[in-house]
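Listed here are the chains, written in short residue letters.
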Amino acid sequence: MAKLWAGRTSGMTDAAADDFNSSIRFDCRLYREDIVGSMAHAAMLGAQGILTRAEADALIDGLQGVMDDLDAGTLAFDPSAEDIHMFVEQVLTERLGDVGKKLHTARSRNDQVALDLRLHLRHASDAIAEQIRGLIAAIADVAEENKTVIMPGYTHLQRAQPILFSHHLLAYAMMLLRDLDRLADCRRRISVSPIGACALAGTTYDTDRQFEARMLGFDAVAQNSIDAVSDRDFCVELLGALSLLMMHLSRFSEELILWTSWEFRFVSLSDAFTTGSSIMPQKKNSDMAELVRGKTGRVYGDLMATLTMLKGLPLAYDKDMQEDKEAVFDALDTVKMCLTVFTPMLRTMTVHGDAMKRAAQTGFINATDLADYLVRKGLPFRAAYKVSGKLVSECIRSGCVLETLPLETYRAHSDLIGEDVYDAIDLQTCVKTRISEGGTSPESVEKQLAWVRGRLQKG
Ligand code: ARG
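Residues numbered from 1 in each chain as written. Predicted model: local features only at pLDDT ≥ 70, side-chain atom pairs only at ≥ 80, totals over all residues. Heavy atoms only, no water.

Visitor: Describe the site of the ligand, listing the residues and the values that go with them.
Guide: By nearness alone, every residue bordering the ligand is listed as Ser23, Asp27, Asp83, His85, Arg109, Asn110, Val113, Tyr317, Gln322 and Lys325. One nitrogen or oxygen atom from the side chain of Asp83 is found 3.1 Å from a nitrogen atom belonging to the ligand. For the ligand, a nitrogen atom lies 2.7 Å from a polar atom in the side chain of Gln322. For the ligand, whose accessible area on its own is 350 Å², the fraction buried by protein is 87%. A per-element tally of the shell around the ligand places helix α6 (residues 109–145) first, with three residues. Split into classes, the residues belonging to the shell around the ligand amount to two nonpolar, four polar and four charged. (Near = heavy atom within 4 Å. Polar contact = N/O pair within 3.5 Å; in protein donor to acceptor, adjacent residues only side chain to side chain. Areas by Shrake-Rupley, 256 points an atom, 1.4 Å probe, with all protein chains shown as cover. Helix = DSSP H or I, 4+ residues; strand = E, 2+ residues; numbered from the N terminus. Nonpolar A, V, L, I, M, F, W, Y, C, P; charged D, E, K, R; others polar.)

Visitor: Which residues make up the packing of helix α7 (residues 165–190) against helix α10 (residues 233–259), and what values go with them?
Guide: Contact pair α7 / α10: the axes reach a minimum separation of 8 Å and the direction vectors enclose 165 degrees. With respect to their mutual orientation, α7 and α10 come out roughly antiparallel. Every pair of crossing elements has a handedness; the one defined by α7 and α10 is left-handed. Counted by class, the contact of α7 with α10 contains 17 nonpolar, two polar and six charged residues. (Axes fitted to C-alpha atoms, helices over the stretch in contact; angles between N-to-C directions. Parallel < 35°, antiparallel > 145°, perpendicular 65-115°, else oblique. Left-handed = near helix turned anticlockwise from the far one by under 90°.)

Visitor: Please give an account of helix α13 (residues 353–361) that cites residues and values.
Guide: Within α13, burial applies to Gly353, Ala355, Met356, Ala359 and Ala360. Seen end-on, α13 carries its buried residues on one side only, within an arc spanning 165 degrees. Elements in contact with the buried residues of α13: β1 (150–155), β2 (158–164), α7, β5 (267–268), β6 (350–351) and α18 (427–432). Just past α13, the residue Gly363 takes up positive phi, approximately 100 degrees. (Buried < 20%, exposed > 50% of the residue type's maximum accessible area, 1.4 Å probe, protein only. Arc of directions from axis to C-beta. Contact = heavy atoms within 4.5 Å.)

Visitor: Report on the pattern of salt bridges, specifying residues and quantitative values.
Guide: Using the criterion set out here, one finds 29 salt bridges in the structure. With a closest N to O distance of 2.7 Å, Arg29 and Asp333 form a salt bridge. You can see Arg29 sitting in the loop between α2 (24–27) and α3 (31–47) and its partner Asp333 sitting in helix α12 (residues 323–347), a full 304 residues away along the chain. Judged by its relative accessible area of 34%, Arg29 falls in the partly exposed class. The shortest N-O distance in the salt bridge between Arg118 and Asp231 comes to 2.9 Å. Of this pair, Arg118 sits in helix α6 while Asp231 sits in the loop between α9 (225–230) and α10, placing them 113 residues apart in sequence. Of the two residues, Arg118 and Asp231, both sit in the buried class. (Salt bridge = Lys/Arg side-chain N within 4 Å of Asp/Glu carboxyl O.)

Visitor: So what's going on with the pairing of β2? Which residues, and what values?
Guide: For a regular strand, the rule is simple: side chains alternate between the two faces of the sheet. Bridge count between β1 and β2: six bridges; the pairing is antiparallel. Bridge assignment links Met151 to a residue of β2, and that residue is Ile163. Count of turn residues in the β1/β2 antiparallel hairpin: two residues, of which His156 carries a positive phi of about 55 degrees. (Pairing = 2+ DSSP bridges.)

Visitor: Mind laying out the side chain of Glu82, listing which residues take part and the relevant values?
Guide: Tracing the chain through its elements places Glu82 in the loop between α4 (53–72) and α5 (84–96). Residue classification places Glu82 among the buried positions, given a relative accessible area of 8%. In terms of polar contacts, Glu82 uses its side chain to reach the side chain of Arg109, at 3.1 Å. Excluding anything up to four places from it in sequence, Glu82 contacts Lys3, Trp5, Asn21, Ser22, Ser23, Ile24, Arg109 and Lys319.

Visitor: Just give me the short version of the environment of His41, but keep the residues and values in it.
Guide: Topologically, His41 is positioned in helix α3. Polar contacts involving the side chain of His41 include one to the main-chain carbonyl oxygen of Thr105, which spans 2.7 Å.

Visitor: Help me get a handle on the side chain of Thr440, residues and values and all.
Guide: Within the secondary structure, Thr440 sits in the loop between α18 and α19 (442–458). Polar contacts involving the side chain of Thr440 include one to the main-chain amide nitrogen of Leu164, which spans 2.9 Å. In terms of polar contacts, Thr440 uses its side chain to reach the side chain of His167, at 2.8 Å. If we ignore the near neighbours within four places in the chain, the residues touching Thr440 are Pro162, Ile163, Leu164, His167, Val431, Arg434 and Val445.

Visitor: Run through the packing of aromatic side chains, naming residues and quoting values.
Guide: Using the criterion set out here, one finds nine aromatic pairs in the structure. Relative to Trp259, the ring of Phe165 lies with its centre 5.8 Å away and its plane at 65 degrees, an arrangement referred to as edge-to-face. Taken as a pair, Phe165 in helix α7 and Trp259 in helix α10 lie far apart in primary sequence, 94 residues in all. By relative accessible area, which is 2% here, Trp259 ends up buried. Of note, Arg118 hangs over the ring of Phe234, and the distance from its end group to the ring centre comes to 4.0 Å. Between the NZ or CZ atom of Arg382 and the centre of the ring of Tyr385, over which it lies, the distance is 4.9 Å. (Phe/Tyr/Trp six-rings, centres within 6.5 Å; stacked < 30°, edge-to-face > 60°. Lys NZ or Arg CZ within 6 Å of the ring centre and 35° of its normal.)

Spatial relationships are all this shows, so hold off on functional conclusions.
As structure tokens, this is what we get:
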């Protein structure tokens, strides 16, 4: 069939070229936004007297009919259509006749596609934000249920200092709160209306861009028509925010994978979120967490593909930009799937506080506390650090831990040490006394928990 744009050319394109050029198989997911945008456009044309009221009403009714039929599944997308914009206009014109051909007055697909995408991303990123809030709430609940559990905190994946498990979990809540901030910030720049920019230069008709922007719930109108049709920063920003979110989920997944191993045994995942092996009967694998970790690379790929696609483009619109959609859709789908699985996986895991405590009892993770004890007795920190290190190597030599090292041995290294050293290096004390703001003491963790819940409530 000849194209709607047949004129200068015959519009009779090669079948393979048609296939290559067509975006309907992925931009069909923009049909609602496309139709809602067209309704606002028709209403504006009517209000401005560019079309008659009757024409505008007919277009709006016709568009509603197309939407209803697509929603109901009684109208199917035509896979041979060039894109969703052409498809809707074509169906409308088939149904309404000549008035259908008036819809595209004072508009171009360049501002139309930017509009559709912005409407879609605004909605999709709000949905992701809601899922993130759900995950943060789950983290806060699991932290609360395991408030007093002590685990070894790690640096370089070596046991470092004792911490509360709830403190560790809340670190992820902080990351996710920043992800929410980033999405909210990005939303401000998504919510800018490009419609009315037309192909690139604006239009000769007396349009009202503010009217359309208001109808579609935008917060602002793009101030330069060339920028309006060539800007895809909002896609990059969203992909950046989603990449960071995935990086956080991936680090969390990595920890869950480690923690569920026999080497750690800190937590077990519910059977509902693990898989078995086809050959090894004993296996219980953390596939969901591994997939979240794996899919992170794919979201980074979407970000890189979009950045690279844009870097050499002259202003204004270039067809390269059609590639933006598959990247953002893929990233949104991936993130949505990951969050859908991750939150219940976390809520249903079993925490093995005893195993964490046992791990915390080896590795000399109270050596800093021993040094701090000596500082309180008057030794400068660097000297105290040395004494504590010597005592650790003494323990390693004699196969004991600081808690069981005899007082004489302690005193042989420093006569500042007294019987009270045992209480000072007790794991409970180590945790309880880390009272600095944001530290691991129970009061501090309680404050962090309240802060996180407060942030969630603010929305
Ligand atoms: N399918 C196109 C896209 O996704 C729509 C815009 C086409 N504009 C054009 N001048 N060919 O970018």
